[in-house]
There are 2 protein chains.
Amino acid sequence: MKKVNIAEKLSMISEHWTPRIVGELNGQMVKLVKFKGPFVWHHHDHEDELFYVVKGSFDMELENEKVNVRQGEFIIMPRGMEHRPNAKEECEVMLFEPGTTLNTGNVENERTLKQLQRI
Amino acid sequence: MKKVNIAEKLSMISEHWTPRIVGELNGQMVKLVKFKGPFVWHHHDHEDELFYVVKGSFDMELENEKVNVRQGEFIIMPRGMEHRPNAKEECEVMLFEPGTTLNTGNVENERTLKQLQRI
């Protein structure tokens, strides 16, 4: 049985907005990602997503509000809800979401990643 | 949209081995629990379980080994695998597992909790 050290895995990630898979259970993935700057407005039709901040903070921008999520906090984005993560400074995040979740949700553009690396 | 502050929720928990539900997504629950001392040997027939240490450390005892899981680390216990969490000192843990998961798995005894409180 292997445990996973989050800081060690995060040290292997240099790109922003490039989630890496670090665990899998019950068809759900655990991913680590570094945010910096604004991402893409999108939603997921069939998946809820959890964002847990390991280090730093980011704004979860929604249609009518924004929520500042800080180290030691998480937010769950329900399926169908339009959102855009935006981090003024680099922010380290652990994601929990189904294996089928595409990073840009309903949008496909140059930031879409169809294959995520496992680390 | 509400975010969840882990430390704030943990401050509402005083009992050991009494998970509280703090989030739900895709049929999975996010729970917070405080460990102290040894739990019960058990397994889950149909559910994998993730244990993420928020504070402190605990030993995940398995049939032929034990894994010390510390702050900032997680371990995924696959379904069917016999295990017993054991914490020498109090340890704060975030769990991620299906809504159907019973704390004592295949064992039912005085430590079994069928209804978990949401906080």
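Thresholds, definitions, all that
Per chain, the residues get numbers from 1 upward, laid out in the order the sequence is written. Written order determines the labels here, with chains lettered from A and ligands numbered from 1. Predicted model: local features are reported for residues with pLDDT of at least 70 only, side-chain atom pairs are reported and counted for 80 or more only, and whole-chain, interface and lining totals are derived from all residues. Calculated side-chain values reflect all of the structure's heavy atoms, with hydrogen atoms and water omitted. Each helix is a run of DSSP H or I of at least 4 residues and each strand a run of E of at least 2, with the numbering of both proceeding from the N terminus. What the globule rule says is 2.2 Å times the number of residues to the power 0.38, and the radius of gyration is computed from C-alpha atoms. Categorising residues by exposure relies on relative accessible area from a 1.4 Å probe, with only protein chains included: less than 20% of the type maximum marks a residue as buried, more than 50% marks it as exposed, and the intermediate range marks it as partly exposed. Any two residues having at least one pair of non-hydrogen atoms within 4.5 Å are treated as being in contact. Surface accessibility in these figures is a Shrake-Rupley result with a 1.4 Å probe; residues are shielded only by whichever protein chains are displayed. Charge assignment in this entry is limited to Lys and Arg as positive and Asp and Glu as negative, and neither His nor the chain termini are counted. Lysine's charge is taken at NZ, arginine's at CZ, aspartate's at CG and glutamate's at CD. Aromatic pairs are defined between Phe, Tyr and Trp rings, using the six-membered ring for Trp, whenever the two ring centres lie within 6.5 Å; interplanar angles under 30 degrees are classed as stacked, those over 60 as edge-to-face, and all others as tilted. By the convention used here, strands pair only if DSSP detects at least 2 bridges between them. For cavity detection a 1 Å grid was placed over the protein atoms alone, and a set of points counts as a cavity when a 1.4 Å probe fits there but cannot get out; an open set counts as a pocket when protein lies on both sides within 12 Å along at least five of seven lines, with lining residues being those that have an atom within 4 Å of a point. Grid points are joined across faces, edges and corners, and a volume is the space filled by probe spheres set on the points. Any residue that is not Ala, Val, Leu, Ile, Met, Phe, Trp, Tyr, Cys, Pro, Asp, Glu, Lys or Arg is counted as polar, Gly included; the first ten are nonpolar and the last four charged. Salt bridges are defined as contacts in which a side-chain nitrogen from Lys or Arg sits within 4 Å of a carboxyl oxygen from Asp or Glu.

It is not clear to me how the overall build of chain A should be interpreted in this structure. Could you clarify?
Each helix and strand in chain A was counted, giving 1 helix and 8 strands. Listed N to C, the secondary structure of chain A is β-α-β-β-β-β-β-β-β in terms of helices and strands. Its C-alpha atoms give chain A a radius of gyration of 13 Å, near enough to 14 Å, the size a compact globule of 119 residues would have. The principal-axis extents of the C-alpha atoms in chain A amount to approximately 45 × 30 × 25 Å. Per-residue burial for chain A yields a buried fraction of 56% across its 119 residues. For chain A, long-range pairs separated by at least 24 residues make up 64% of all intrachain contacts whose partners lie at least 6 apart in sequence. Of the roughly 5,600 Å² of accessible surface on chain A, a fraction of 45% belongs to carbon and sulfur atoms. Side-chain charges of chain A comprise 16 positive and 19 negative groups, with the mean position of each set lying 7 Å from the other.

What is the right way to read the packing of aromatic side chains from this model?
Within a pair of aromatic rings, the relevant descriptors are the distance that separates the centres and the angle that separates the planes. Residues and elements named next belong to chain A. If you walk through the whole model with that rule in mind, you get 12 aromatic pairs over all chains. Between F35 and F58 the ring centres are 5.2 Å apart and the planes differ by 90°, which places this aromatic pair in the edge-to-face class. Taken together, the residues F35 in strand 3 (residues 28-38) and F58 in strand 5 (residues 57-62) connect sequence positions 23 residues apart. Neither F35 nor F58 differs from the other in exposure class; each is buried.

Just to check I follow, could you spell out the pairing of strand 3 (residues 28-38) of chain B for this structure?
Residues and elements named next belong to chain B. Here strand 3 lies mainly inside the structure; 9 of its 11 residues are buried. The sheet contact formed by strand 2 (residues 20-25) and strand 3 spans 5 bridges and is antiparallel. The partner of I21 across the bridge, within strand 3, is K31. Hairpin connection, strand 2 to strand 3: the antiparallel pair is bridged by 2 residues, and N26 has positive phi, about 55°. When strand 3 meets strand 8 (residues 83-98), the two strands line up antiparallel, connected through 10 bridges. Within the sheet, the bridge partner assigned to K31 lies in strand 8 and is L95.

What am I meant to see in the layout of surface pockets here?
Empty space among the atoms becomes visible once a probe the size of a water molecule is rolled across them. Reported here for the largest pocket is a volume of approximately 350 Å³. As for the largest pocket, its lining consists of 20 residues, of which Y52 and Q71 of chain A together with Y52, V54 and Q71 of chain B are closest to the centre. The set of elements that each furnish at least two residues to the lining of the largest pocket consists of helix 1 (6-10) and strand 4 (49-55) of chain A together with helix 1 (6-10) and strand 4 (49-55) of chain B. Per-element accounting of the lining of the largest pocket gives the leading share, 4 residues, to strand 4 of chain A. The residue makeup of the lining of the largest pocket, split by class, is 11 nonpolar, 5 polar and 4 charged.

Is there a simple way to explain the pattern of salt bridges in this structure?
Pairs may arise between side chains of opposite charge once their charged atoms sit close together. Residue and element names in this part refer to chain A. Applying the stated criterion to the full structure yields 18 salt bridges over all chains. Among the salt bridges present, the one from D59 reaches K66, with a minimum N-O distance of 3.9 Å. Between D59 and K88 there is a salt bridge, with the nearest N and O atoms lying 3.6 Å from each other. Of this pair, D59 sits in strand 5 while K88 sits in strand 8 (residues 83-98), placing them 29 residues apart in sequence. In this structure D59 comes out as buried when scored by relative accessible area, which is 9%. Owing to a relative accessible area of 69%, K88 belongs among the exposed residues under this scheme. What you see here is one network of salt bridges that share partners, running through D59, K66 and K88.

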